[in-house]
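Tertiary structure, described
Here are the chains, one letter per residue:
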Amino acid sequence: MNSIKTSRRDFLGGLSAGLGASHISTTALGAEAPVFEPTWASLTSKFAVPDWFRDAKFGIWAHWGPQCVPMAGDWYGRRMYLQGDWKYRHHLKHYGHPSRTGYVDLLDGWTAERWEPEKLLDLYQRAGAKYFMALAVHHDNFDTFASTHHPWNATRIGPKRDVVGTWERLVRERGMKFAISNHGSHAWHWFQPAYGYDPEGPLKGARYDAWRLTKSDGRGKSWEGLDPQALYTGRSMPLPPGMTSIKQANDWHEAHDRVWTEASPPHNPYFAELWKARAIDAIDRYRPDLLYFDDTGDLPLGQAGLDVTAHLYNRGIEWHGVPNQVAATAKELPPEKAAAVIDDVERGNLSEIAKEPWQSDTCIGDWFYDEGVYMRHEYKTATTVIHRLCDTVSKNGNLMLSIPIRPDGMLDADEHAILDQIGDWMQINSEAIFGSRPAPIFGEGPTKVPGGMMDEHSNEPFTAADIRYTRKDDDLYAIALGLPADRKVRLNAIDTSAVQFVRLLGEAAPLPFRREAGGLTIELPDNLSRSHALVFHLPSVLRN
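For the structure given in this document, a descriptive report is provided here. In this text, all values refer to a predicted model and were calculated from it rather than measured experimentally.

Reading the values: rules and limits
- Residues numbered from 1 in each chain as written.
- Predicted model: local features only at pLDDT ≥ 70, side-chain atom pairs only at ≥ 80, totals over all residues.
- Heavy atoms only, no water.
- Helix = DSSP H or I, 4+ residues; strand = E, 2+ residues; numbered from the N terminus.
- Rg over C-alpha atoms; globule rule 2.2 N^0.38 Å.
- Buried < 20%, exposed > 50% of the residue type's maximum accessible area, 1.4 Å probe, protein only.
- Contact = heavy atoms within 4.5 Å.
- Areas by Shrake-Rupley, 256 points an atom, 1.4 Å probe, with all protein chains shown as cover.
- Lys, Arg positive; Asp, Glu negative; His and termini not counted.
- Charge placed at Lys NZ, Arg CZ, Asp CG, Glu CD.
- Pairing = 2+ DSSP bridges.
- Axes fitted to C-alpha atoms, helices over the stretch in contact; angles between N-to-C directions.
- Salt bridge = Lys/Arg side-chain N within 4 Å of Asp/Glu carboxyl O.

Along the protein, the regular secondary structure elements total 18 helices and 16 strands. Whereas a compact globule of 544 residues would reach a radius of gyration of roughly 24 Å, the protein reaches 25 Å, a difference of no more than 12%. By its C-alpha atoms, the protein is 80 × 60 × 40 Å across when sized along the principal axes. Looking at the protein as a whole, 58% of its 544 residues qualify as buried. Sequence separation of at least 24 residues holds for 74% of the intrachain contacts in the protein that already meet a minimum separation of 6. Carbon and sulfur atoms make up 50% of the accessible area of the protein, which totals about 20,800 Å². Here the protein carries 59 positive and 71 negative side-chain charges, and the mean point of each set is 2 Å from the other.

Quick look at the structure:
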């Protein structure tokens, strides 16, 4: 079969020449404004973490897009094309063979018909979220906003509305900060299995839908007039013919197109140009306070990522009148680049206090909604989330928590219960979290937290003997991650000589305590029944 040829105009969706300047002119910002250039030297020397981020500590993420449609969890748009994967089997059972029914056929199933974002944001805000993040584009290359340069977007297909724009308006009304996440730089290699085939079975060798689809195949469908190759990104590295086993094919994918690269596709010179224009479009439309890049070791697509980051920082000056009111994030940048953005640690944590504020992002289940996780009641518990928050904040970090949303826009009963419990805890204990700063040490106790990305699965549960510390000016907050059986909390890692008063947040009367060799013992009331975490306020303990 001959290669499908996609013209530059088709691929770019009519992108105008010259769109997406790398930064705003000095004149537009004012003569005295420090303009960010799209270079590592400029970004690292001029960027500083915004104060609002230092204070916010807790955000909630709507990691929501068409991949939620099968309610089968993460990376469905890729793994449905990997024969032998359980998501391939799910697709075969519920939708048919991917040579006939592909990812493009799932897009209209993202209906959002019962989506009530006002109620969701009220729930998130009660849970303590000070900022909210909306997914703008995932690796599936589908924009969830009113994209100027990419017609494969939610205003035309699926919900038929500007999802990001709706979130943004309601977030601003509530006085919260607004963030967007961009994962689109990886689409060109992530989507390559859609050009593959079954190496085994009755349809062995039949190429999947992305291989054959052209614009003419959209007649009578929601995507009529659109080029499906602009969604699937084109054949950068399709599975070569001749594979005869599932293992052989999947080993090939593992060795080739699953390599996590931040580089541009070598055979598609237009991909980075379009990604940049779409990213700048989202920035200019929604004025994000935070832009999350799902990129590791570098910014997206080389120079394009530098251009977009500089554009964000310069627009931030224009919006706010002063620099460093907005920020971008990236993961595991080398030391010489790290100061350009906020460090993000995906599904992981740090083992010590970081010099600069950072962010840990995780989800209570899979990033995209998985009905099986709900049916098996496998979400992270409210206790686990609260402990993770306290540990992260004690180390100068923020926690970004994703709550998966169903394709109709609803949360399930377990998610509501978890958010309610987090909110109940926050109503009593938030003063130790929001606006706090790290204490001289982050904590003490038997449970060790390994530092690093994608390492949360190895974390042992915290115990009541694990203590985390935060501070506000001279006041110290000690957070016990559980209720000790003997109703005695021991603080051994701080200087207790200045302790005159101990208050348990949520209780009116001060608590009895005694100084002992090596530390302080706090006596708890007999009728105390809290289980998540206990927060003790020790005024003026850190005064020199």
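This brings us to the sheet that holds strand E12 (residues 488–491). Ordered in space as E12-E15-E14, the 3 strands form an open sheet in which the pairing is antiparallel. Looking at the sheet topology across the chains shown, the edges are occupied by E12 and strand E14 (513–516). With direction set aside, neighbouring strand axes in the sheet form an average angle of 20 degrees. Sheet topology note: the E14/strand E15 (residues 519–523) ladder contains 4 bridges and is antiparallel. Pairing of Arg514 across the sheet is with Thr521, part of E15.

With that settled, consider the pattern of salt bridges. Applying the stated criterion across every chain yields a total of 34 salt bridges. One salt bridge connects Arg503 with Glu431, and the closest N-O pair in it is separated by 3.2 Å. You can see Arg503 sitting in strand E13 (residues 503–504) and its partner Glu431 sitting in the loop between helix H18 (413–429) and strand E9 (437–444), a full 72 residues away along the chain. Glu507 serves as the salt-bridge partner of Arg530, at 3.1 Å between the closest nitrogen and oxygen. Here Arg530 is found in the loop between E15 and strand E16 (534–538), whereas its partner Glu507 is found in the loop between E13 and E14, with 23 residues between them in sequence. Look at Arg530 and you get buried, because its relative accessible area is 18%.

Purely geometric stuff here, so don't read any function into it on its own.
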